[in-house]
Amino acid sequence: MAPTKVLAGARVVLPTGTVDDGRVIVEGARFATTAPGTAETVDASGHWLVPGFVDIHNHGGGGASFASGTAEDVLRGVRTHRAHGTTTLVASAVTGDLDFLARHAGMLAELAQQGDIAGIHFEGPFISPCRKGAHDEQLLRDPDPAEVRKLIDAAHGQARMMTLATELPGGLDSVRLLAEHGVIAAVGHTDATYEQTVQAIDAGATVATHLFNAMPPLGHRAPGPITALLEDERVTVELIDDGTHLHPAALQLAFHHAGRDRVAFITDAMDAAGFGDGRYMLGPMEVEVADGVARLVEGGSIAGSTLTLDRAFKRAVTVDGLPVEDVVAAISANPARLLGLDDRIGSLEPGKDADLVVLDAGFDLVGVMRRGEWVVDPQLG
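Notes on the structure follow. (Residues numbered from 1 in each chain as written. Predicted model: local features only at pLDDT ≥ 70, side-chain atom pairs only at ≥ 80, totals over all residues. Heavy atoms only, no water.)

Let us look at the overall build of the protein chain. Per the secondary structure count, the protein chain includes 9 helices and 21 strands. At 20 Å, the protein chain has a C-alpha radius of gyration in line with the 21 Å of a compact globule built from 381 residues. In terms of overall dimensions, the protein chain has C-alpha extents of about 65 × 45 × 40 Å along its principal axes. By residue count, 57% of the 381 residues in the protein chain fall in the buried class. Contacts in the protein chain between residues at least 24 apart in sequence constitute 69% of all its contacts with a sequence separation of at least 6. Put simply, the protein chain shows about 14,400 Å² of open surface, and 49% of that area lies on carbon and sulfur atoms. (Helix = DSSP H or I, 4+ residues; strand = E, 2+ residues; numbered from the N terminus. Rg over C-alpha atoms; globule rule 2.2 N^0.38 Å. Buried < 20%, exposed > 50% of the residue type's maximum accessible area, 1.4 Å probe, protein only. Contact = heavy atoms within 4.5 Å. Areas by Shrake-Rupley, 256 points an atom, 1.4 Å probe, with all protein chains shown as cover.)

Structure below.
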């Protein structure tokens, strides 16, 4: 077993707040409370230590697709995001033929069982053609509970979330089915009214898929889904903080109304994340990435993002002015809790997996540890 490591002298963000000149003890693959005299001490002065990031909505990276790629493609994308601090990742599918989605879910389920990913998120095909975004309209369908069950079964216990337009026929019954099977029902790519969204939440929906995006805007006479999702304490709202998907004021609005414990930062990343500009496929749709912004070749809709969570972290602190503790909640603790994994990940606490990110004073990533092993070695003194 590797020697116990003590990372000392850093600003350590704990659930109870930030500790200056703190230390984190890593024994094997977990955090510990005490260190033996033989422990290796690493001077982390001038740095921040925060929990490993948890991304519940991610379609790929490093030139590889989680939605259509092979197992090796998926692992390449996972490695790319790990190098940017995401130590736990849910692989998101996009709208496709139902049989293909079921077969692909079987492959992703094997990777989840091996611990490479934390499960599967089905984004589509049960979404609204009015708010389809970068999904192929010809493959969209109403959320028939029997078809929803087919995908749940195909995931062999690894389905974590499904995004639905819950106002469509079968939507509420599908939400109830998902809740019964322990799968998060997320409201997204929806044209629902305020009242219809309230019904979905009462039926068991607990997440807003990339709030504000692919849903009706907030109106003073037709408040729509945004208001219903923000006001209900049972709902966690996803936010894409890349400077493209959201105006900073919209992000501040979400934090103000939902509070730090009900926000989850996501990437909604596609293949180009951590890779570069060019042409890519998002499911069956061709995407052009220019200056880091992904848009459909036909129609120009935003097609996911090229975001990595280390960039989201830095932007949230340095541009949006959010407290570091709030960003840690949104990027680690809250998504871990949503996945039911907060007994293992999401905070720097003894007994949990030794997943952490080392940031310099300017909030740039310099190190990543996953389960006690350096993915990115910060080369500290």
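A word on the layout of surface pockets. As a volume, the largest pocket reaches approximately 310 Å³. Every residue lining the largest pocket is counted, 18 residues in all, and those nearest its centre are Gly133, Ala134, His189, Ala214 and Ile302. Reported here for the second largest pocket is a volume of approximately 250 Å³. Looking at the second largest pocket, it is lined by 20 residues, and the ones nearest its centre are Gly115, Ile117, Ala118, Arg344 and Arg371. At the level of secondary structure, the elements contributing two or more residues to the lining of the second largest pocket comprise helix H1 (71–82) and strand S9 (86–93). Per-element tally for the lining of the second largest pocket: the top contributor is S9, with 4 residues. (1 Å grid on protein atoms, 1.4 Å probe; cavity = no way out; pocket = protein on both sides within 12 Å on 5 of 7 lines; lining within 4 Å. Points joined across faces, edges and corners; volume = space filled by probe spheres on them.)

Right, let's get into the sheet that holds strand S17 (residues 285–290). Strand order across the open sheet formed by 3 strands is S16-S17-S18, with antiparallel pairing between neighbours. Two strands bound the open sheet, and with one partner strand each, they are strand S16 (278–282) and strand S18 (293–296). Strand-to-strand twist in this sheet, taken as the mean axis angle between neighbours without regard to direction, amounts to 35°. Across 4 bridges, S17 lies against S18 in antiparallel orientation. Each residue of the ladder has a partner; that of Val289, found in S18, is Ala294. (Pairing = 2+ DSSP bridges. Axes fitted to C-alpha atoms, helices over the stretch in contact; angles between N-to-C directions.)

The strand order across the open sheet formed by 8 strands is S6-S9-S10-S11-S12-S13-S14-S15, and the pairing between neighbours is parallel. Both edges of this open sheet fall to strand S6 (53–58) and strand S15 (263–265), since each of them pairs with a single strand only. As defined by bridge partners, strand S10 (residues 120–123) adjoins strand S11 (residues 159–164) across 4 bridges and the pair is classed as parallel. Looking at S11, one finds that Phe122 is bridged to Met162.

Take helix H9 (residues 324–338) next. Between its first and last C-alpha atoms H9 spans 20 Å; for 15 residues at 1.5 Å apiece the expected length is 21 Å, and the two agree. At Ala330, H9 shows its maximal bend, which comes to roughly 40°. Residues of H9 that are buried: Val324, Asp326, Val327, Val328, Ala329, Ala330, Ile331, Ser332, Asn334, Pro335 and Ala336. Buried residues along H9 sit in contact with strand S1 (5–14), strand S5 (48–51), S6, helix H7 (248–258), S15 and helix H8 (309–318). In the segment just after H9, Gly340 is the residue with positive phi, at about 70°. (Expected span 1.5 Å × (residues − 1). Bend = angle between axes of the 7 residues up to and from the residue.)

For the rest of this paragraph, the subject is the packing of helix H4 (residues 171–180) against helix H5 (residues 194–203). Viewed as axis vectors pointing N to C, H4 and H5 meet at an angle of 25°, and their least axial separation amounts to 8 Å. As summarised for this structure, H4 and H5 are arranged roughly parallel, according to the angle between their axes. At the point where H4 passes H5, the crossing takes the right-handed sense. Here Leu172, Val175 and Arg176 of H4 lie close against H5, whose contacting residues are Gln199, Ala200 and Ala203. Grouping the amino acids of the contact of H4 with H5 by side-chain chemistry returns 4 nonpolar, 1 polar and 1 charged. (Parallel < 35°, antiparallel > 145°, perpendicular 65-115°, else oblique. Left-handed = near helix turned anticlockwise from the far one by under 90°. Nonpolar A, V, L, I, M, F, W, Y, C, P; charged D, E, K, R; others polar.)

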